[in-house]
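Here are the chains, one letter per residue:
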Amino acid sequence: NPNVLTAAVAQTASVLLDTPATVERALALMAEAASQGVQLLVLTQAYLGGYPKGADFHIYIGARTPQGRAEYQLYFNAAVTVDGPEIAQLAKAAAQHKLYVVVGIIERDGGTLYCTAVYLGPDGQVLGKHRKLMPTALERLVWGFGDGSTLQAVDTPFGKLGAVICWENYMPALRMAMYQQRVALYCAPTADDRDSWASTMQHIAMEGRCFVLSACQHLRRSQFPADQMNNRLPEAPDTVLMRGGSLIIDPLGKGLAGP
């Protein structure tokens, strides 16, 4: 049916500090989604490059440590560029599967990392990107700030597609910038797995009269490379660091999938 869009959000964890393995996981998810007739797939915040939940890189005011710098170097090296081979692989797969894909990346540009959402089209092109304007709390010490040049939503046959990342969704002016563009498919890749997140997504769907698609990882302590990066969360391997909570909401606030 040409009037029906089949959309999916993926709740899978990255392979932190192993970007090639994460790319393979993303390619498998894209193939699986396409096999189910999906036309739009939303992956989580920082999917490529990773969201290092609980890490602090030994940063404190006025000082760093050599070990913390070394850990940041590993994280920096795991980041990707929008014009690099990793995004090219995903874009090629998007063309193969005739998919629109929104994927969260840690974007490397010069000496700075950005938390970015990249839009891929079914023609195999990078349609655009959005850099998180205001990283949250300690994120500001490892990610740079985005700016207004990346607020542009992109056209699809199903309406405008845009992404607002994690706690940017608590910035009313940024939401307004999306509504002003008549965004119909409002993507919210996130790391917020709290119960209260669902009510935020429902509110935005009703406020913006848009479909809201939120993707959050499910990540256990055993999936965190503790030997390479410090983590201040509990040591037990089955400890859940991020518990998902991904969902899709329709423009009248009704839950279509999840959490």
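Residues numbered from 1 in each chain as written. Predicted model: local features only at pLDDT ≥ 70, side-chain atom pairs only at ≥ 80, totals over all residues. Heavy atoms only, no water.

Scanning the protein for helices and strands turns up five helices and 12 strands. Here the C-alpha radius of gyration of the protein, 17 Å, is about what a compact globule of 259 residues would show, namely 18 Å. The principal-axis extents of the C-alpha atoms in the protein amount to approximately 55 × 35 × 35 Å. By the burial criterion, 53% of the 259 residues in the protein qualify as buried. Long-range contacts, defined here as pairs at least 24 residues apart, represent 67% of the contacts in the protein between residues at least 6 apart. For the protein, the exposed surface amounts to about 11,400 Å²; the carbon and sulfur share of it is 55%. For the protein, the distance from the average position of its 21 positive side-chain charges to the average position of its 22 negative side-chain charges is 4 Å. (Helix = DSSP H or I, 4+ residues; strand = E, 2+ residues; numbered from the N terminus. Rg over C-alpha atoms; globule rule 2.2 N^0.38 Å. Buried < 20%, exposed > 50% of the residue type's maximum accessible area, 1.4 Å probe, protein only. Contact = heavy atoms within 4.5 Å. Areas by Shrake-Rupley, 256 points an atom, 1.4 Å probe, with all protein chains shown as cover. Lys, Arg positive; Asp, Glu negative; His and termini not counted. Charge placed at Lys NZ, Arg CZ, Asp CG, Glu CD.)

Moving on to the sheet that holds strand 8 (residues 211–216). One open sheet accounts for five strands, arranged 6-7-8-11-12; its pairing is mixed. The open sheet has two edge strands, strand 6 (160–163) and strand 12 (255–257), and neither has a second partner. When the angles between neighbouring strand axes are averaged without regard to direction, this sheet yields 20 degrees. By the bridge criterion, three bridges tie strand 8 to strand 11 (residues 247–249) in an arrangement that is antiparallel. Within the sheet, the bridge partner assigned to Val212 lies in strand 11 and is Ile249. Most of the contacts of helix 4 (residues 172–180) go to strand 7 (residues 183–190), to which it runs at about 145 degrees, and overall it touches strand 6 and strand 7. (Pairing = 2+ DSSP bridges. Axes fitted to C-alpha atoms, helices over the stretch in contact; angles between N-to-C directions.)

With an omega dihedral of -5 degrees, the bond running from Gly258 to Pro259 counts as a cis peptide bond. As for its placement among the helices and strands, Pro259 is situated in the segment after strand 12. Phi is positive for Phe57, which is not a glycine, with a value near 50 degrees. Looking at where Phe57 falls in the secondary structure, it is placed in the loop between strand 2 (40–42) and helix 2 (66–78).

Right, let's get into empty space enclosed by the protein. The tally for this structure, following the rule as stated, stands at one cavity of 30 Å³ or more. For the largest cavity, the calculated volume is near 50 Å³. Every residue along the wall of the largest cavity is listed here: Ser14, Leu16, Gly50, Tyr51, Gln217, Leu219, Gln223 and Phe224. Split into classes, the residues belonging to the lining of the largest cavity amount to four nonpolar, four polar and no charged. (1 Å grid on protein atoms, 1.4 Å probe; cavity = no way out; pocket = protein on both sides within 12 Å on 5 of 7 lines; lining within 4 Å. Points joined across faces, edges and corners; volume = space filled by probe spheres on them. Nonpolar A, V, L, I, M, F, W, Y, C, P; charged D, E, K, R; others polar.)

The subject of this paragraph is the nonpolar core. Leu40, Val102, Trp143 and Leu161 are the most contacted members of the largest nonpolar core, which has 37 residues in total. At the level of secondary structure, the elements contributing two or more residues to this core comprise strand 2, helix 2, strand 3 (100–109), strand 4 (112–120), strand 6, strand 7, strand 8 and strand 10 (240–243). When residues in this core are grouped by element, the largest group, four residues, is from strand 4. If we ignore the near neighbours within four places in the chain, the residues touching Leu161 are Leu40, Val102, Tyr119, Ala153, Val154, Thr156, Leu185 and Cys187. Counting 26 residues, the second-largest nonpolar core is a separate cluster that includes Ala8, Leu43, Ala94 and Ile105. (Core = buried A, V, L, I, M, F, W, Y, C linked by side-chain atoms within 4.5 Å.)

Applying the stated criterion to the full structure yields eight salt bridges. Asp192 is the partner of Arg194 in a salt bridge, and the nearest nitrogen-oxygen pair spans 2.9 Å. The exposure class of Arg194 is partly exposed, given its relative accessible area of 41%. On the basis of relative accessible area, Asp192 is assigned to the buried category, the value being 5%. Between Asp195 and Arg243 there is a salt bridge, with its nearest N and O atoms 2.6 Å apart. Within this pair, whereas Asp195 is found in helix 5 (residues 195–208), its partner Arg243 is found in strand 10, the two being separated by 48 residues in sequence. (Salt bridge = Lys/Arg side-chain N within 4 Å of Asp/Glu carboxyl O.)

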